[in-house]
Amino acid sequence: VYYDDNDSEVIIYKKEIPFRMDNEDVSLEAFMDITPIEIARKREVAANKAKSEFLAKMSHEIRTPLNGIIGMANTLETFHLDEKQADAVHIILKSADLLLSIINDILDFSKIEAGKMAIEETPYKLREELDATVSLFKPRAKEKELELNFKVDNNVPDRIIGDPFRLKQVISNLIGNSIKFTYEGMIELTVEKVKKHNGYITLHFAIEDTGIGIPKEKLNNIFASFSQAAGSTTR
């Protein structure tokens, strides 16, 4: 960092290349002014940090009244409601749960941006967790007359240490997408053991469906921000 006559900060990149000339060790030094690049980088870092902090604070603030809505809706369900009223309360609960899951995703995004996403190491039963996750989607699959199954290879151990919450989060997103874009047939989750080394195990989770699929030319796009294989989300 160099300061000019006006006390303005100038950021210099220095490159030094040693070589021999006329049997003497010398070095060639090149200096480049990278002030605009560094200023842009610092601004981007600051903007990302501010965005992540705002998202995290906003998410926490929204959760408080949302939990109140969910609590009151659960209380309403215990009253003697007629069919129309019960349907209305059910829609409130379903919408609130959906909003809560979106808020959790925003919080996760903030954690990832801040480098604070921690993967838990908790003992759990793999088949039990998968069964609980798949069961959540059974009613939706039944509505569309879809067959929803999961299959775990016999050589996959049941008692493992990992992060069951994150696993269920990823599996839920994938199954949800499959149900959304599958109109007939089946959806199947399979788990295979890839390798085991020094007490660590690598598992391969795959979700296959008989839905519309993704065109090969769109495969790279779907992992880009705000991109979808097709323009409309209402299909």
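Residues numbered from 1 in each chain as written. Predicted model: local features only at pLDDT ≥ 70, side-chain atom pairs only at ≥ 80, totals over all residues. Heavy atoms only, no water.

K.L.:
Looking at this structure, how should I read the pattern of salt bridges?
P.N.:
If charged atoms from side chains of opposite charge come close, those side chains can pair. Taken as a whole and judged by the stated rule, the model has seven salt bridges. Notably, a salt bridge pairs Asp25 with Arg20, separated by 2.7 Å at the nearest N-O pair. The class for Asp25 is exposed, based on a relative accessible area of 59%. For Lys168, the salt bridge goes to Glu129, with nearest N and O atoms at 3.1 Å. Taken together, the residues span a long stretch of sequence, with Lys168 in helix H4 (residues 164-180) and Glu129 in helix H3 (residues 126-143) at a distance of 39 residues. On the basis of relative accessibility, which here comes to 30%, the residue Lys168 falls in the partly exposed class. Put simply, Lys14, Glu16 and Glu29 are held in one network by salt bridges that share partners. (Salt bridge = Lys/Arg side-chain N within 4 Å of Asp/Glu carboxyl O. Buried < 20%, exposed > 50% of the residue type's maximum accessible area, 1.4 Å probe, protein only. Helix = DSSP H or I, 4+ residues; strand = E, 2+ residues; numbered from the N terminus.)

K.L.:
For this particular structure, what's the right way to read the environment of Gly185?
P.N.:
By the element assignment, Gly185 lies in the loop between H4 and strand E8 (186-197). Spatially, the C-alpha atoms of Gly185 and Glu29 are 68 Å apart, while their sequence positions differ by 156 residues.

K.L.:
So what exactly am I meant to see when it comes to the sheet that holds E8 here?
P.N.:
Neighbouring strands of a sheet are bound in pairs by backbone hydrogen bonds; such pairs are parallel or else antiparallel. With mixed pairing, the three strands of this open sheet are ordered in space as E6-E8-E9. Of all strands in the sheet, those bounded by a partner on one side alone are strand E6 (147-152) and strand E9 (200-209). The average undirected angle you get between the axes of adjacent strands in this sheet is 15 degrees. As paired strands, E8 and E9 are joined by 10 bridges and run antiparallel to one another. Considered in E9, the bridge of Lys195 is made with Thr202. Docked against the sheet, H3 engages E6, E8 and E9, running at close to 170 degrees with respect to E6. (Pairing = 2+ DSSP bridges. Axes fitted to C-alpha atoms, helices over the stretch in contact; angles between N-to-C directions. Contact = heavy atoms within 4.5 Å.)

K.L.:
When you look at the packing of helix H1 (residues 35-77) against helix H2 (residues 83-113) in this model, what are you seeing that I'm missing?
P.N.:
Put simply, H1 and H2 touch, their axes get as near as 8 Å, and they point 160 degrees apart. Taken together, H1 and H2 sit at an angle that is classed as roughly antiparallel. H2 is crossed by H1, and the crossing has left-handed handedness. The residue makeup of the contact of H1 with H2, split by class, is 18 nonpolar, eight polar and five charged. (Parallel < 35°, antiparallel > 145°, perpendicular 65-115°, else oblique. Left-handed = near helix turned anticlockwise from the far one by under 90°. Nonpolar A, V, L, I, M, F, W, Y, C, P; charged D, E, K, R; others polar.)

K.L.:
Explain the pairing of E8 to me, please; I cannot follow it from the model alone.
P.N.:
Pairing of E6 with E8, which is carried by six bridges, proceeds in the parallel orientation. Bridge pairing in E8 links Leu148 to Ile187.

K.L.:
I would appreciate a short explanation of the packing of H3 against H4 in the present structure.
P.N.:
Closest axis-to-axis distance for the H3/H4 pair is 10 Å, and the angle between their directions is 30 degrees. In this view, H3 runs roughly parallel relative to H4, as classed from their interaxial angle. Crossing geometry of H3 relative to H4 is assigned as right-handed. Across from Leu126, Glu129, Leu130, Thr133, Val134, Phe137, Arg140 and Ala141 in H3, the residues of H4 making contact are Pro164, Leu167, Lys168, Ile171, Ser172, Ile175, Gly176 and Ile179. Split into classes, the residues belonging to the contact of H3 with H4 amount to 10 nonpolar, three polar and three charged.

K.L.:
Explanation requested: unusual backbone geometry in the structure shown.
P.N.:
Trans peptide bonds make up most of the peptide bonds, and negative phi angles are found at most residues other than glycine. Positive phi outside glycine occurs at Asp22, with the angle close to 55 degrees. For Asp22, the position within the fold is in the loop between strand E3 (12-21) and strand E4 (24-33). What makes Asp22 exposed here is its relative accessible area of 72%.

K.L.:
What is the right way to read the environment of Ser8 from this model?
P.N.:
Tracing the chain through its elements places Ser8 in the loop between strand E1 (2-3) and strand E2 (9-10). You can call Ser8 partly exposed: its relative accessible area is 34%. Apart from residues no more than four positions distant in its own chain, Ser8 is found in contact with Tyr2 and Tyr3.

K.L.:
I'm lost on the side chain of Ser178 in this one. Help?
P.N.:
With respect to the helices and strands, the residue Ser178 is situated in helix H4. Given the relative accessible area of 6%, Ser178 is considered buried. A polar contact is formed between the side chain of Ser178 and the side chain of Asp209, at a distance of 2.7 Å. Those residues in contact with Ser178 that sit more than four places away from it in its chain are Ile187, Ile207 and Asp209. (Polar contact = N/O pair within 3.5 Å; in protein donor to acceptor, adjacent residues only side chain to side chain.)

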